[in-house]
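Coordinate inspection notes
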There are 2 protein chains.
Amino acid sequence: MNEVQPTIILVEAQLGQNIGTAARAMANFGLDEMRLVNPRDGWPSEWATKAAAGATHVVDNAQVFKSTTQAISDLHHVYATTARGRDLAKAVLTPEDAAKDMRERTALGQRVGILYGREKSGLTNDDITLADSIIMAPVDPEFASLNLAQAVLLNSYEWFKLGNWSLGDGSREDGAVKQAGLRLAGSWPATKEELVGFFEHLEKELDEAGFLRPPERRPSMVRNLRNLFQRANLSEQEIRTLRGVVASLVRQHKRSK
Amino acid sequence: MNEVQPTIILVEAQLGQNIGTAARAMANFGLDEMRLVNPRDGWPSEWATKAAAGATHVVDNAQVFKSTTQAISDLHHVYATTARGRDLAKAVLTPEDAAKDMRERTALGQRVGILYGREKSGLTNDDITLADSIIMAPVDPEFASLNLAQAVLLNSYEWFKLGNWSLGDGSREDGAVKQAGLRLAGSWPATKEELVGFFEHLEKELDEAGFLRPPERRPSMVRNLRNLFQRANLSEQEIRTLRGVVASLVRQHKRSK
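Residues numbered from 1 in each chain as written. Chains lettered and ligands numbered in written order. Predicted model: local features only at pLDDT ≥ 70, side-chain atom pairs only at ≥ 80, totals over all residues. Heavy atoms only, no water.

Residue and element names in this part refer to chain B. When the terminal C-alpha atoms of helix H9 (residues 218-230) are compared, their 18 Å separation across 13 residues agrees well with the 18 Å that a helix rising 1.5 Å per residue should span. What H9 keeps buried is the set Met221, Val222, Leu225, Leu228 and Phe229. Along the axis of H9, the buried positions cluster into a sector of 130 degrees, meaning they face one direction only. (Helix = DSSP H or I, 4+ residues; strand = E, 2+ residues; numbered from the N terminus. Expected span 1.5 Å × (residues − 1). Buried < 20%, exposed > 50% of the residue type's maximum accessible area, 1.4 Å probe, protein only. Arc of directions from axis to C-beta.)

And the structure:
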């Protein structure tokens, strides 16, 4: 596939077999960019190759990362999949709405990715905080757990539906996407690397100022702060502005030391 | 489920395991009426129960038939799923269109069912001939084969999407509805007064730090900063956090004066 497509990121997937079936689900819908964060049983995996049932190109080209932060660093917009509601202030999209959002963004040349968590427990709140919005599939609340490959399947399917495809009987359909043009704040969206760079800058200064205390509360304070800025869909330019704001506020303090 | 729902009919499924994962996919979307035509490895099946991963009610209540004709005898309208085009003069529907058609029919009290074929070879032309229309999912033609559970999943998902569901956060949606709204965690959204209070606090400190210069650029710098925070839909609590951040960054500076 030459079109810009969402990257599928499996965070700490436990079984190679599930990585393989997820790869197969991706291939069904023309996706081939897979990233793995610390696959539990190591990589490469014979089980993954076997379970991919022919989608070996996806498995063979999968990139492995040591952290979710690294895995998303070059992406502009990231979605986190969850099966249950989380107490995080983020937009929650259906797979269908997320697919529309992805089509709009990729049409503008943005790189997007979808995070999927561990088979048993899903994504951590820290992982979800790194994302711009949450995808939840509508499911029967009494039987809400989708397996990994099926979750990948639904989002990949919704993505594919909005592209150009035929049913193999010659009836051509137009991509349903209208290039509505996103309201982006001035400039190009920041990459996750730029965003995390700002977070780390801010947190370093707040540590020095003694704001992120006591230590046991630091993780949730950091998460809430990151989440708040995350929601703003910051542009490259805005990241620079915010770094300037932080530097400016602490400057005289530093100079006086 | 009390509503009239489509019956899922697996024709000569080969592996009990696949029947189980299909049952699980049904349960994810509130379906529980499964019929089996000559399951190859016999019935009941321990493998099926195990693979159903909790959807045992679907497996336990599955009815077994000796022929497709018998399995569909009490239904009003039947759909046949196929992965490849067939030279049969029948309407071909996407899963989405088929779901709409099913909803319309069941609303009128009609009983409908979906036929799925063998894992390896799909439905025979004889089976397809018994159906009223064909369902084909849009897939990458270079990797078109969906496994049985995934095919069941897609159609069940499209059916469920058109029903009444919520995303687990209490916000009720009706079938046609698109937007899953913003979830604000923890606290109440800030009033504009609180928001402007934060803006003025930040801008006062940035004026003192000499950041909002030269004067002719100040209005646009302020506008850009306000706009960026505005977009985050800040809560009351987050406003307090941000005021704490600003105060903390400038505190030592002030003290040292």
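What follows picks up the thread again.
Accessible area lost upon the coming together of the parts is a frequently used measure of interface size. Contact residues are listed per partner, giving 73 residues for chain A and 70 residues for chain B. Both sides together, the interface formed by chain A and chain B hides about 6100 Å², and carbon and sulfur atoms give 63% of it. Contact with chain B buries surface across chain A, with Phe143(A), Leu167(A) and Leu249(A) losing the most and accounting together for 12% of the total. There are five salt bridges connecting chain A and chain B. In this assembly, chain A and chain B are joined by 16 residue pairs in polar contact (both at pLDDT 80 or more). It is helix H10 (residues 236-255) of chain A that contributes the most residues to the side of chain A that touches chain B, eleven residues altogether. Residues that form the side of chain A that touches chain B fall into these classes: 42 nonpolar, 16 polar and 15 charged. (Contact = heavy atoms within 4.5 Å. Buried area = accessible area lost by both parts, 1.4 Å probe. Salt bridge = Lys/Arg side-chain N within 4 Å of Asp/Glu carboxyl O. Polar contact = N/O pair within 3.5 Å; in protein donor to acceptor, adjacent residues only side chain to side chain. Nonpolar A, V, L, I, M, F, W, Y, C, P; charged D, E, K, R; others polar.)

Here a ring pair, both rings aromatic, is described through the centre-centre distance and the interplanar angle of the planes. For the structure on display, the rule yields ten aromatic pairs over all chains. Measuring from centroid to centroid gives 5.1 Å for Phe198(A) and Phe229(A), while their planes differ by 85 degrees, and the two rings are edge-to-face. In this pair, Phe198(A) is assigned in helix H8 (residues 192-208) and Phe229(A) in helix H9 (residues 218-230), connecting sequence segments 31 residues apart. Like Phe229(A), Phe198(A) is buried. On the numbers, 5.7 Å between centres and 65 degrees between planes, the contact of Phe29(B) with Tyr157(B) is edge-to-face. Residue Phe29(B) is found in the loop between helix H1 (16-28) and strand S2 (34-37), and its partner Tyr157(B) is found in helix H7 (residues 148-161); the two are separated by 128 residues along the sequence. Of the two residues, Phe29(B) and Tyr157(B), both sit in the buried class. When the ring centre of Trp159(A) is taken as reference, the NZ or CZ atom of Arg103(A) above it lies at 3.6 Å. (Phe/Tyr/Trp six-rings, centres within 6.5 Å; stacked < 30°, edge-to-face > 60°. Lys NZ or Arg CZ within 6 Å of the ring centre and 35° of its normal.)

Note that every value here comes from positions in space, so none of it alone points to a role or purpose.
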